[in-house]
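Listed below, chain by chain, are the residues.
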Amino acid sequence: INCFVEQGQTEKEFHVYKRPGFTTQTQVNAGAGRGVYYWNGKMYSVTGNQLQTFSNPPPPMDTVGAVDSSGRYFFTSSLGATPLLFLTNGTKAYTVSATNTLTEVTSAIIAQSGFPASQSWVPTPVTIDGYTTLVDFMSAIWTSPINQPGTWPGNNGIAQLEPDRPIALFKHLSYLLCIKEFYTEAFYDAAQTPWPYGRVDGAKMNYGCYDLRTVCDVGGDLIWVARTREGSGTVVHVSSMRPTVVSTPSIERILRAADYTGNVYSWAAKLEGHRLYGLTITNTNITLVYDLTSRMWYQWTDAEGNYLPYSGASIGSAGEVVFQHESNGHFLTADIRALTDDNHSFPVDIYTPNFDGETRRDKTLAKLSICGDQANGSYVQLRYSDDDYQTWVDAGTADLSQNDPFWADLGSFKKRAFRFTHNSNSVFRVQKMEAVLDLGTS
C-alpha cells in the first residue's frame, strides 16, 4: 500500500519503494475536476462549469468560457488551417480555437444523429486522419469532415458485428476501437466516401467494458475493466491489438464487489520509470494502481487511508505529469522527492503472507532485522498476527537511521503474518527482512 516495486537487474532482488508524493502546482477557480488535456502548448481543464487554460503552470490562468457542469469531459484535436480542440461530456460538445474562442457545437451533432440530447452519444471523441469521430448509443459511428469537428454532415456507419450497446470509443495504433458491452470491434480508415471507415473483422475482441470511466490510454496501450458473457471485473490490457488479462484473482474479487454507482476515475502516468494505470472507485473507497513495468498491483491512498482524490492526469507544459483534484480542480504533480502529500504524511503498509518456515513446529523469533535505506527521521512500526490477520500485536518501532534496525524477543509461533508501517516524512526503500529463529520440538 502506497508503494511501488522494482527488481534488480543483476541479482533479480526486489525493492519496495515509497510512492511519489503529490504537491499542489496550480490553484484554479474551485470546482469539480471534470477533465484535463494538453494541447497546443497549454493545459486545458474543466473545473465545475468553467473551461480554463494555462500557458505554463503555475499561473497565469485564463478562463476560456462556461461549459455544461455535468459528467466528465474527454478531448481530441484537429489540425488544418484552423486547429481546434474538441471536448464533450456526451450531452454537450464544444470546439476551442488556438486563440481560445469557445464554440458550442451540440446542436450540429444532435441534428445529424437524429436522437434527442437525453440519449446523446458516448463522450469519448477520436480523431483519425483528420476525421473527428463519435458513436451514439445505437452503434452509429459518425464523423466530421476532415479537420472540421464543428461540422457534422450526417455520414455514419454501424458497428454491428455484435449487436451490443457501445460503451466507449478509443484509438489504438491507427485503428478505431468501438468497445461495447461484451465485445470490441475495430475499424480503419479505408478512404471511402462519404463514410471513411472499414471494419477489421479479424480484430474482434471478446472483451467488452463494464464502465466507460475505467478505460484509459496508457502510452498508446488501452486498459479497462472488462466484462464478457462469463462475468465482469477483469482488467484487460490491449497492446498491438492483442488483449491480455492483467488482473489477478484477488484484484478481480475487489472489482466484482465494487460499487460503481458513484464517481469512477482512471488515469495514466509514467513516474520514476514506471508506467502506471490508476483506477479509483469512490463508493468502494479504493484506488488500485497497475504497474505495467513490474506487472504488479498496488493500493494507493491519501494521508487518511482513503482513495486518492485525483480524477485525471495529463502531461504538463514542462513535461511533468499533472494530476487534477476531483473536488477543487487544482493541479498537482507527483515526485519521488516529495515525501508528503502537500505536507501531509501518508502511510506505507506492507503485509506479508503467513510465514511458517515450511514447518508447523513451534518457532521462537529472537530477532527480526529490516534491510533498507538508512535515513534520518525514518521509522517503521511492526505488528504481527498469529491468527490469520484477525488481531495484531504491536511489537514497537525500529529506527532506520541505525546501522542495524531490528526488533528482539518476538515470542513463539507456528505461523505468523507481519505488517510493517512507515509513516515518516523521509525516503523509504526496503529489500528484505532477516529473522533469527530457534526451532522447537513440537
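Here the structure is shown first, and the text comes after it.
Owing to the predicted nature of the structure, the values given are computational and were not obtained by experimental measurement.

A. Quick peek at the overall build of the protein chain. Secondary structure assignment for the protein chain yields two helices and 38 strands. Considering the protein chain as a whole, with its 442 residues, one finds that 52% of them fall into the buried category. Within the protein chain, counting contacts between residues at least 6 apart in sequence, those at least 24 apart form 56% of the total. Averaged over its 33 positive side-chain charges, the protein chain has a centre that lies 4 Å from the centre of its 43 negative ones.

B. Geometry of the sheet that holds strand β16 (residues 166-172). A sheet is described by the order of its strands in space; here four strands give the open sequence β16-β17-β18-β19, paired in antiparallel fashion. Two strands close off the open sheet at either side, each with one partner strand: β16 and β19 (197-199). Within this sheet the neighbouring strands show an average axis-to-axis angle of 30 degrees, counted without direction. Looking at chain direction, β16 and strand β17 (residues 175-180) are connected through six bridges and run antiparallel.

C. Up close: the environment of Thr76. Within the fold, Thr76 resides in strand β8 (residues 74-78). Considering only alpha carbons, one finds Thr76 and Thr95, 19 residues apart in sequence, at a separation of 9.7 Å. Residues contacting Thr76, with those up to four places away along its chain left out, are Tyr37, Leu84, Leu85, Phe86, Pro125, Val126, Thr127 and Thr132. Within polar-contact distance, the side chain of Thr76 engages the side chain of Thr127 at 2.8 Å.

D. Layout of unusual backbone geometry. A cis geometry characterises the amide bond from Thr193 onward to Pro194, with omega recorded as 0 degrees. The topology assignment puts Pro194 in the loop between β18 (184-189) and β19. Here the phi dihedral of Asp129 falls at roughly 55 degrees; this positive angle occurs in a residue that is not glycine. Positionally, Asp129 belongs in the loop between β12 (126-128) and β13 (131-135). Phi angles above zero are rare outside glycine, and Asp409 is one such case at about 55 degrees.

E. Focus on the pattern of salt bridges. Within the structure shown, the criterion is met by 19 salt bridges. Lys92 is paired through a salt bridge with Glu104; the nearest N and O atoms lie 3.6 Å apart. Taken together, the positions of Lys92 in the loop between β9 (84-88) and β10 (93-97) and Glu104 in strand β11 (residues 102-104) put the pair 12 residues apart, joining distant regions of the chain. Here Lys92 falls in the partly exposed class, since its relative accessible area comes to 29%. The partner of Lys414 in a salt bridge is Asp362, with the nearest N and O atoms 3.2 Å apart. Of the two residues, Lys414 sits in the loop between β36 (412-413) and β37 (417-422) while Asp362 sits in the loop between β31 (348-351) and β32 (363-372), which places them 52 residues apart along the sequence. Residue classification places Asp362 among the partly exposed residues on the basis of a relative accessible area of 28%.

F. Molecular detail of the pairing of β18. Both β17 and β18 contribute to a ladder of four bridges, which runs antiparallel. Within the sheet, the bridge partner assigned to Leu176 lies in β18 and is Phe187. If you look at the hairpin formed by β17 and β18, you'll find three residues sitting between the two strands. Note that β18 and β19 share three bridges and pair antiparallel. Opposite Tyr188, over in β19, you have Gly198 as the bridge partner.

G. Broad picture of the state of the cysteines. Per the stated rule, a full pass over the model turns up zero disulfides. With no disulfide of its own, Cys3 lies 17 Å from the sulfur of Cys371, the closest cysteine sulfur. The exposure class assigned to Cys3 is buried, which follows from its relative accessible area of 5%. The thiol of Cys209 is unpaired, and the distance to the nearest cysteine sulfur, on Cys178, comes to 11 Å. Judged by its relative accessible area of 1%, Cys209 is buried.

H. Focus on the packing of aromatic side chains. A full pass over the atoms with the stated rule returns 21 aromatic pairs. Plain terms: the ring middles of Tyr290 and Trp297 are 5.0 Å apart, the flat faces sit at 40 degrees to each other, and that makes the pair tilted. For the pair Tyr290 and Trp297, a shared accessibility class is recorded, and that class is buried. Taking 6.5 Å as the distance between ring centres and 50 degrees as the angle between the ring planes, the aromatic pair formed by Phe355 and Phe413 counts as tilted. With Phe355 in the loop between β31 and β32 and Phe413 in strand β36, this residue pair connects regions lying 58 residues apart in the sequence. When its relative accessible area of 34% is taken as the criterion, Phe355 is described as partly exposed. We classify Phe413 as buried; its relative accessible area is 4%. These aromatic residues form a ring-pair network of at least three members: Phe22, Trp267, Trp300, Tyr310 and Phe323. Between Arg19 and the ring centre of Phe346, over which it is positioned, the NZ or CZ distance is 3.7 Å.

Thresholds, definitions, all that
Residues numbered from 1 in each chain as written. Predicted model: local features only at pLDDT ≥ 70, side-chain atom pairs only at ≥ 80, totals over all residues. Heavy atoms only, no water. Helix = DSSP H or I, 4+ residues; strand = E, 2+ residues; numbered from the N terminus. Buried < 20%, exposed > 50% of the residue type's maximum accessible area, 1.4 Å probe, protein only. Contact = heavy atoms within 4.5 Å. Lys, Arg positive; Asp, Glu negative; His and termini not counted. Charge placed at Lys NZ, Arg CZ, Asp CG, Glu CD. Pairing = 2+ DSSP bridges. Axes fitted to C-alpha atoms, helices over the stretch in contact; angles between N-to-C directions. Polar contact = N/O pair within 3.5 Å; in protein donor to acceptor, adjacent residues only side chain to side chain. Salt bridge = Lys/Arg side-chain N within 4 Å of Asp/Glu carboxyl O. Disulfide = S-S within 2.5 Å. Phe/Tyr/Trp six-rings, centres within 6.5 Å; stacked < 30°, edge-to-face > 60°. Lys NZ or Arg CZ within 6 Å of the ring centre and 35° of its normal.

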